[in-house]
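Coordinate inspection notes
Spelled out, the chains give:
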Amino acid sequence: MDPLERMHFTTIDYVIFALLLVASMGIGLYYALSGGRQRTTQEFLLADRSMSCLPVSLSLIATFQSAVAIVGVPAEIYTHGTQYWFIGCAYILGLLIPAHVFIPVFYRLHLTSAYQYLELRFSKPVRICGTLTFIFQTVIYMGVCVYTPALALNAVTGFDLWGAVLATGLVCTLYTTLGGLKAVIWTDVFQTIVMFAGQLAVIVVGVQQTGGLAEVWRKVWEGNRISGIDLNPDPTERYTFWTLGVGGIFLMLSLYGVNQAQVQRYLSSKTEREAIMSCYMVFPSLQVALALSCVMGLVMFARYSSATLLPTVHQPLCVLYPQMVLYFVMDMLQDLPGLSGLFIACVFSAALSTISSAFNSLATVTLEDLIKPHCSAMTEARATLLSKGLACSYGLMCLAMAYLTHLMSDSVLQAAFKIFGMVGGPLLGIFCLGMFFPWANSTGALVGLGSGLVMAFWVGIGSIVTRTSGGPAAVSHFNCTAVQLSENITTAIGTALNSTASKTLFYSLSFMWYSALSSFTVVITGLIVSFLTGPMKEEDVTPGTLYPLLGNMLYFVPDNLKQNLCCATPLGHRVSQQSTWAHHTQSSGLCSLVETTSKSNKTFCNKNKY
Ligand SMILES: CC(C)(CO)[C@@H](O)C(=O)NCCC(=O)O
Ligand code: NA
């Protein structure tokens, strides 16, 4: 008998799931009909720059906590133990650096799109390349995000796969298009709560049914699931302290430092301080989210460790992995009507909150970076209408991307990390190049971005065709035919590449290092090319686009020498933001000189420290 036949949803489960969709729609409608009624792009894309830190922080964690994390992390812990938990160490620097380096620079420039920065610092072509890279990254990622929960639900309950994809995609498109960023942020808040509640409910019931905390602990301990800190320096090991705790910092920086979805939330904050606060508040919430996912994996292990209930026995491996968490939930919560509905709502909340951010940020960059520069005469009404049209079109495009994901095969967690590292890494690199190195010029930035992408795709695609990244444990979780199909293709490409042993070693680099590798490639290539083509002079760089990283690091060097070394960099400040400015000078008292440049009509402060 098919063990999954037992799973079924009661009416109350469907009601709870429907409530999630209805409530999200309701929030969308509310923001369509209240406030400024979404009649300006300032409101639609930036929530009138009026948000406070609590909703912003919950929205920040919701953005990159998708169904991938909800079903992928417990499955990872179940199969490989708690090593993955050490990624929590990367959250410290991974959030402190955005809070004190990236937020001040972006916020004070009064941007709408993060890529405006690239034009201010380098040139228009760099901005356009950055925007296109971001669009590419986000479009692929949202396909994974909308497909994952639908696939899992389908496998466990028989709920129609494409029906679920369509429902999530359309509901999300609708509330994003109606309510703009305010709706996106407030649905994120609601959905984050549902996400936490669902996971917590499953853990509590799971612990109870397994026989209490002590019993769970005994089983996971005996089953060797509690991993000590793995200090193995081998960069090809998938998860070690170094790949997670150090490689993870670069991953976090590419997500929380420079990703448009997050930058847009920082920019929607009332004040700079509020934006920094929200970044700080992400830390505990993200640790809670991580802990919930990890503990769920452990409870799952405890439940199945001794029993013959283990779905592995009945299922071919490729059907098992992503659905494992849902199988566990349905199996456990069967006699508790409503709870399985709550967990499904949790998984879909995670997905909705991620794709809504994707739609809104994609609409923002397409309008601000690709369309507006060519239609300077556009009226506000028309721009707003256009941004709604864009949000809607990206929503529909997401459905097509879900189909593409359907044809891929990779562990969803690995797939998400590879996308973040391969495409997000080079983007992180180009922002670092611009902010920290005054000498970098536009040619260097373009060549750097290109080479970072080439490097990332070389190792990323190499690892897929040689199936090495992360060792042999790359258990696939997509459906069998897709796996077989893609295996045939990858074997063919693999033979074509005819990889040698040393290349195979390069291809087997842990995907946790991809962000670091590709951002360093961008910075190093960018600097070399800049020096070859004539480095920029500090005075020619737009004020406010540099962060005095070198100046701060060389604090022991006398000021006049630093000036010669070109590392005491100015901090730009818009006249329109005098209030924030005054606040900043008061609180830090570090500003020694304020002067006005006639060139850019901006007030800036020399030798200021962040
Ligand atoms: C981005 C991190 C690492 C932050 O904890 C986490 O949310 C995660 O593992 N995300 C997986 C990708 C996703 O959920 O789509
Ligand atoms: Na999410």
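Throughout this document, residue positions are counted from 1 along each chain, in the order its sequence is written. Starting at A for chains and at 1 for ligands, labels are handed out in the order in which the entities are written. pLDDT decides what is reported in this predicted model: residues at 70 or higher carry local features, side-chain atom pairs at 80 or more are listed and counted, and totals for whole chains, interfaces and linings draw on all residues regardless.

**With respect to the overall build of the chain**
- On a plain count of helices and strands, the chain comes out with 24 helices and 3 strands.
- Residue pairs qualify as contacts under a 7 Å threshold applied to their C-beta atoms, which are placed from the backbone. The contacts in the chain between residues at least 6 apart in sequence include a share of 86% that link residues at least 24 apart. By definition, any uninterrupted DSSP run of H or I lasting at least four residues is a helix, any uninterrupted run of E lasting at least two residues is a strand, and each is numbered from the N terminus.

**A word on the site of ligand 1**
- Using a C-beta atom placed from the backbone, a residue is described as near a molecule or strand when that atom lies within 6 Å of it. Around ligand 1, the neighbouring residues are F64, Q65, S66, V68, A69, I87, L255, L286, L290, L413 and A416.
- Among the secondary structure elements, those contributing two or more residues to the shell around ligand 1 are α4 (67–80), α12 (272–305) and α17 (412–436).
- Amino acids outside the nonpolar list (Ala, Val, Leu, Ile, Met, Phe, Trp, Tyr, Cys, Pro) and the charged list (Asp, Glu, Lys, Arg) are all regarded as polar, and Gly is one of them. Its residues assigned to classes, the shell around ligand 1 comprises 9 nonpolar, 2 polar and no charged.

**Observations concerning unusual backbone geometry**
- We note that Q38 has phi near 55°; this positive angle belongs to a residue other than glycine.
- With respect to the helices and strands, the residue Q38 is situated in the loop between α1 (11–33) and α2 (41–46).
- Our exposure labels follow a C-beta count within 10 Å of each residue's own C-beta, placed from the backbone: buried means 20 or more other C-beta atoms, exposed means 12 or fewer, and partly exposed covers the counts in between. Residue class for Q38 comes out buried when judged on the 23 C-beta atoms lying within 10 Å of it.

**Quick word on the nonpolar core**
- Within the largest apolar cluster, 181 residues are counted, with the highest numbers of intra-cluster contacts made by F106, V146, V347, I355 and A416.
- Dropping the residues within four chain positions of it, F106 is found in contact with L111, A114, Y117, V263, Y266 and L267. Here, a nonpolar core denotes buried Ala, Val, Leu, Ile, Met, Phe, Trp, Tyr and Cys residues that are linked to one another through C-beta atoms within 7 Å.

**Some points on helix α15 (residues 339–371)**
- Residue count minus one, scaled by 1.5 Å, sets the expected span of a helix. Given a rise of 1.5 Å per residue, 33 residues ought to cover 48 Å, and the 46 Å separating the end C-alpha atoms of α15 matches this to within 8%.
- Within α15, 31 of the 33 residues are buried, leaving the element largely enclosed by the surrounding structure.

**Digging into the confidence of the model for the chain**
- Values of pLDDT, ranging from 0 to 100, describe the predictor's confidence in every residue of the model. With 82% of its residues at a pLDDT of 70 or more, the chain has an overall mean of 83.
- For residues 308–320, every residue scores under 50 in pLDDT, and the model assigns this stretch 19 contacts once sequence neighbours within four places are set aside.
- Here residues 470–486 is a poorly scored stretch, pLDDT under 50, and it has 33 contacts once near neighbours within four places are set aside; other chains count.
- Reported for the predicted complex are a pTM of 0.86 and an ipTM of 0.96.

**Notes on the environment of P104**
- Along the polypeptide, P104 turns up in helix α5 (residues 87–108).
- Spatially, the C-alpha atoms of P104 and A275 are 9.0 Å apart, while their sequence positions differ by 171 residues.

**So, the packing of helix α11 (residues 260–267) against α15**
- Comment: axis = line fitted to C-alpha atoms, over the contacting stretch for helices; angle = value between 0 and 180 degrees taken between N-to-C directions. One can describe the packing of α11 onto α15 by two numbers: an axis separation of 9 Å at closest approach and a directional angle of 80°. The angle between α11 and α15 places the two elements in the roughly perpendicular class. For the pair formed by α11 and α15, the contact residues are Q260, A261 and Q264 on the first element and S357, A358, S361, T364 and V365 on the second.
- Split by residue class, the contact of α11 with α15 holds 3 nonpolar, 5 polar and no charged. Angle categories: roughly parallel below 35 degrees, roughly antiparallel above 145, roughly perpendicular from 65 to 115, and oblique for all the rest.

**Some points on the packing of helix α7 (residues 124–157) against helix α18 (residues 442–466)**
- Running from amino to carboxyl end, α7 crosses α18 at an angle of 20°, the nearest separation of the two axes being 9 Å. Taken as axis vectors, α7 and α18 run roughly parallel relative to one another. As for how α7 packs across α18, the hand of that crossing is left-handed. Along the contact surface, α7 presents P125, V126 and C129, while α18 presents S442, A445, L446 and L449. A crossing counts as left-handed when the near helix is turned anticlockwise from the far one by less than a right angle, and as right-handed when that turn is clockwise.

**Observations concerning the environment of V412**
- Tracing the chain through its elements places V412 in helix α17.
- Judged by C-beta crowding, with 27 C-beta atoms within 10 Å, V412 ranks as buried.
- Spatially, the C-alpha atoms of V412 and C145 are 8.9 Å apart, while their sequence positions differ by 267 residues.

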